[in-house]
Structures are given as structure tokens and as C-alpha cells.
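# Structural overview
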Number of protein chains: 2
Amino acid sequence: MRGSIFSTLAAVAISSSVLAADLKDTIQRNNEVFAQAYNAGDAAGVAALYTEDAVILPPGAEMAEGREAIAEFWQGAIDSGMKDLKLEAGDVEEQGDAVREIGRFTATAGENSLSGKYVVVWKKTGDGTWQLDTDIWNLNGN
Amino acid sequence: MRGSIFSTLAAVAISSSVLAADLKDTIQRNNEVFAQAYNAGDAAGVAALYTEDAVILPPGAEMAEGREAIAEFWQGAIDSGMKDLKLEAGDVEEQGDAVREIGRFTATAGENSLSGKYVVVWKKTGDGTWQLDTDIWNLNGN
């Protein structure tokens, strides 16, 4: 009996850590879709990955709410020549129907390499996919 | 009967919006405690408002984890002459045992006025109080 309780507990622990790894993989796949759309110059495609009333908080600008404003922001970033965006999920934690992701990004702007970090709160949609609901980032250097 | 079901629903709706207002007030009170400790030059007091393994993601620096590193960061900000910190909770949303706050801040650095925005994920502690668990911010201007 004791053995079986322990194996059950172990199985639960393993399955919950597998789920956590799955979740991080899922979020990282979403990051890759995001970067791919951005690097293809598809601002509307990027904006479609956010919830309807998502908020972005970009450095050097006011916060912006909603897909239209978000598409406009990313179009501006594309037009400014920011390229080669890469996003890398770090710590990913489920909180209710949301996921808090801490991640890192790199990009280039002309001859400059940019590196920074971000926090995204993702929300699960009706069809079980995740969308960005809050997105804030900054650069590691000046 | 119908009337009473409607009043019950109305009461539930009102009570949930009162709870949301209460939560925002609670978070804003915590912000005031944070700013008060910071403006008094008490970096350890600021760090004590975070969870043990909280992560801060400051602009112009690498992310830092844990109260010791967080105290060191805020001590650096105090030593750099950043003063008059004010924090203002904006949208506050409960997600499981966490709260996602979007807020704005102002501060001064010598003759410069700083204004920016932040996202904090708060977690409820054993005694029912809230602590900062993830804290990221940036400036609106350059």
C-alpha cells in the first residue's frame, strides 16, 4: 500500500513536471510563430497573436491597447529596420487561466545588436490556444 | 422567483466588482508602502516586499533573482540619486493565486523627471498579504 501511494505521488509529480515542460514548449512554439510573423514584416499577423484587448508596454513609448494599436506599433518597429527577432522562453508559470512567461530576446537594428528581456502574460482562448494578453519588455543595455 | 434570481445575480455582480475594487486598493496600498520604503532609502525594506525568489527585470541591466540581489539593485538606484518614486496601480486582474498589475510610475533623477510603466505579478503569501513576484518596467521616453 505504502509503495503504491508513493508511486502514485511520484507519478503525479512526474506528470505535473511533464505538463510544465509541455507548457513551456507550447509557449516557445508560439514565440517562434511570433518571431516568424515579425521577421516576415507581417505586423497584422503579429497583432493577431494577441487577445482583442491586449496591452503592450514598449520601452520609449506609451502603452498601447488592442490589436489595431498593437499592429501599428509593430509596423513602426518593422519600418524602423528592427530585424532578426528571436524570442526565448525562460521561466513559464501557470496561474489560473493565464501563464506568466519570463523570456529573453535579441534583434538587430542596422549594425546594432539588441538584447533584452520581457514578461508576457498569456491567456487561453476558447479553442485552447494561447494569446498574448500583456506584453512588456526592455533592453539590457542603454 | 424571477425577481429574486435577478437580484441575486445583480448582488453577485456588484460584490465581484467591489472585490475587484478592493483588490486594486490593496495593491495600491502595497505600492505606497513600496514607494515609502524606497524614498526613505530603505533598500532592504523594499526587497522584503518581494517573494523569496522574485525576479526583477530592470531596463539597462540584466534580470536579478532573489531578495539579496533585489536589495542590491534598489540600493544602486538609491545611490544613483533616483528619488520621489510614485507608483500608481492601473489595471489589476486576479489570475489564480496571482494578481497581474499594470501600473505607471514617476521619479526624479537630478533635474530629470522620469515617467514609465510596469507590470508586476503579485503572489498571495500564507498570511494573506501580497508580495511582488515578477517586476518589470521601462521608461516612456528615451
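Basis of the calculations
- Within each chain, residue numbers correspond to sequence positions counted from 1 in written order.
- Working convention: letters from A go to chains and numbers from 1 go to ligands, in the order in which they are written.
- The predicted nature of this model means local features are confined to residues of pLDDT at least 70 and side-chain atom pairs, given and counted, to a pLDDT of 80 or more, with totals for whole chains, interfaces and linings taken over all residues.
- Hydrogens are left out, water is left out, and the side-chain values use all remaining heavy atoms of the structure.
- By the criteria applied, helices consist of DSSP H or I runs no shorter than four residues and strands consist of E runs no shorter than two, each listed in order from the N terminus.
- Using a 1.4 Å probe on the protein chains alone, a residue whose accessible area is under 20% of its type maximum counts as buried, one over 50% counts as exposed, and one in between counts as partly exposed.
- Contacts are assigned to residue pairs with any non-hydrogen atoms lying within 4.5 Å of each other.
- Here, Shrake-Rupley sampling with a 1.4 Å probe gives the accessible areas, and only protein chains in the shown set may cover a residue.
- For each structure, a 1 Å grid was placed over the protein atoms alone; sets of points admitting a 1.4 Å probe that cannot get out are labelled cavities, open sets with protein on both sides within 12 Å along at least five of seven lines are labelled pockets, and lining residues have an atom within 4 Å of a point.
- Grid points are joined across faces, edges and corners, and a volume is the space filled by probe spheres set on the points.
- The nonpolar class holds Ala, Val, Leu, Ile, Met, Phe, Trp, Tyr, Cys and Pro. Asp, Glu, Lys and Arg form the charged class, and all remaining residues, Gly among them, are polar.
- Each salt bridge in this description consists of a side-chain nitrogen of Lys or Arg and a carboxyl oxygen of Asp or Glu lying within 4 Å of one another.
- Following DSSP output, two strands are said to pair if at least two bridges run between them.
- Throughout, an axis means a line fitted to C-alpha atoms (over the contacting stretch in the case of helices), and angles, computed between N-to-C directions, take values from 0 to 180 degrees.
- The atoms used to superpose the copies are C-alpha atoms, taken from residues with pLDDT of at least 70 in both, and the fit is least squares.

Before going further, it helps to spend a moment on the overall build of chain A. Regarding its fold elements, chain A presents three helices and six strands. Listed N to C, the secondary structure of chain A is α-α-β-β-α-β-β-β-β in terms of helices and strands. The proportion of buried residues among the 142 residues of chain A is 40%. In chain A, once contacts between residues fewer than 6 apart in sequence are set aside, the share between residues at least 24 apart is 48%. If you sum the accessible surface of chain A, you get close to 7500 Å²; carbon and sulfur atoms cover 54% of it.

All right, on to the layout of surface pockets then. Considered as a void within the structure, the largest pocket measures approximately 720 Å³ in volume. Taken together, 32 residues form the lining of the largest pocket, with Pro59, Phe105, Trp137, Asn138 and Leu139 of chain A sitting closest to its centre. At the level of elements, helix H1 (2–39), helix H3 (67–79), strand E3 (82–95), strand E4 (98–109), strand E5 (112–124) and strand E6 (130–139) of chain A together with strand E6 (130–139) of chain B are the ones that each hand at least two residues to the lining of the largest pocket. Across the lining of the largest pocket, the residue classes break down as 20 nonpolar, 11 polar and one charged. In this structure, the second largest pocket spans a volume of roughly 440 Å³. Around the second largest pocket sit 23 residues that line it, and Phe73, Trp74, Met82, Phe105 and Trp137 of chain B are the ones nearest its centre. For the lining of the second largest pocket, the elements supplying multiple residues, two or more each, are helix H1 (2–39), helix H3 (67–79), strand E3 (82–95), strand E4 (98–109), strand E5 (112–124) and E6 of chain B. If one sorts the elements of the lining of the second largest pocket by residue count, E6 of chain B sits on top with four residues.

Counting across every chain of the model gives 12 salt bridges over all chains. Of the charged contacts, one joins Arg104 of chain B and Glu62 of chain A as a salt bridge, the two residues approaching to 3.1 Å between their closest N and O atoms. Here the residue Arg104 of chain B occupies a position in strand E4, and Glu62 of chain A occupies one in the loop between strand E1 (50–57) and strand E2 (64–65), the pair thus bridging two chains. Judged by relative accessible area, which is 44%, Glu62 of chain A ranks as partly exposed. Among the charged side chains, a network of salt bridges with common partners joins Asp91, Glu93 and Arg100 of chain A together with Lys123 and Asp133 of chain B.

In any sheet, the strands associate via hydrogen bonds between backbone groups, in a parallel or an antiparallel arrangement. Residue and element names in this part refer to chain B. One open sheet accounts for six strands, arranged E2-E1-E6-E5-E4-E3; its pairing is mixed. On the outer flanks of this sheet lie strand E2 (64–65) and E3, each paired with one strand and no other. Taken together, the nine bridges between E5 and E6 define a ladder with antiparallel strand orientation. Note that in E6 the partner of Gly116 across the bridge is Leu139. Sheet strands in contact with H3 are strand E1 (50–57), E2, E3 and E6, and its direction is about 50 degrees off that of E1.

Note on the copies: chain B fits chain A at an RMSD of 0.0 Å, the axial shift is 0.0 Å, and the rotation between them is 180 degrees. Taken together, the rotation and translation describe the operation of a two-fold axis. By C-alpha distance to the rotation axis, the residue of chain B lying nearest is Gly96 of chain B, at 1.9 Å. When the interface residues of chain B are mapped onto chain A, 100% of them again lie at the interface, so the same face is used by both copies.

Function-wise, these values are silent; they only describe arrangement.
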